[in-house]
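Survey of secondary and tertiary structure
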Amino acid sequence: MIFEAQPDDIDELYELWRLLLDMQQSYHVVFRYRPGSEQTLKAELLNRLKDKSTRVFVYEIDDIWAGMLVASLRPGSAGFKLSNKGYIGETVVRNEFRGKGIGKELFEAARKWLSDQGADHLELQVSVHNPGGIRFWESLGFTPSTQHMVLPLREPGNSKKN
């Protein structure tokens, strides 16, 4: 069953979100989080839950939160043909539930909501070090349009400003 997470769901949702964050740790420094930052990370996730242009879809099976997907509407410039971006953010399905169509169902729920909100196209980012994720999104019709590149200006952990 798919439902939209609410602010009261923060603890359960954070557990799922951490699965994704932990998986991404080895991909690139941009995904790494600071030890002891649970409250800050929860606050970030809570802000997303409270954002009126964002929805967090959760898939539940037998009282287990099996997966989640964050979807946001990000209006762009009316000067472009595609000006109302539906953005698919963090998406994760627990390992034991993968291959059962849960990710696709979460995506379809997000796609419908974003379309109903006026999105004229969908975008997302997936790590180049996540071939399974790339294959999943391509199977749903996504194609590459840009290469997102990152250059850290400081070594992680060497400055309080990181």
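For the structure, see preceding data.
None of these values were measured; they are calculated from a predicted model.

Per the counting criterion, the structure on display carries ten salt bridges. Here Arg-94 and Glu-15 are joined by a salt bridge, their closest N and O atoms 3.2 Å apart. Pair noted here: Arg-94 is in the loop between strand E4 (84-93) and helix H3 (102-116) and Glu-15 is in helix H1 (residues 10-24), with a separation of 79 residues, a long-range link. Residue classification places Arg-94 among the buried positions, given a relative accessible area of 14%. Classification of Glu-15 as partly exposed rests on a relative accessible area of 46%.

Another aspect to go through is the sheet that holds strand E3 (residues 64-75). On the basis of which strands lie adjacent, the open sheet formed by five strands has the order E1-E2-E3-E4-E5 and mixed pairing. The open sheet is flanked by strand E1 (2-4) and strand E5 (121-124), the only strands paired with a single partner. Pairwise comparison of adjacent strand axes, ignoring direction, gives a mean angle of 30° for this sheet. Contacting E1, strand E2 (54-61), E3, E4 and E5, H3 crosses the sheet at an angle of about 30° to E3.

Our next topic: the environment of Gly-67. Here Gly-67 lies in strand E3. Judged by relative accessible area, which is 0%, Gly-67 ranks as buried. Measuring from C-alpha to C-alpha, the distance between Gly-67 and Thr-91 comes to 7.5 Å, with 24 residues separating the pair along the chain. If we ignore the near neighbours within four places in the chain, the residues touching Gly-67 are Leu-16, Phe-57, Val-58, Tyr-59, Val-92, Val-93 and Leu-106.

Calculation notes
Residues numbered from 1 in each chain as written. Predicted model: local features only at pLDDT ≥ 70, side-chain atom pairs only at ≥ 80, totals over all residues. Heavy atoms only, no water. Salt bridge = Lys/Arg side-chain N within 4 Å of Asp/Glu carboxyl O. Helix = DSSP H or I, 4+ residues; strand = E, 2+ residues; numbered from the N terminus. Buried < 20%, exposed > 50% of the residue type's maximum accessible area, 1.4 Å probe, protein only. Pairing = 2+ DSSP bridges. Axes fitted to C-alpha atoms, helices over the stretch in contact; angles between N-to-C directions. Contact = heavy atoms within 4.5 Å.

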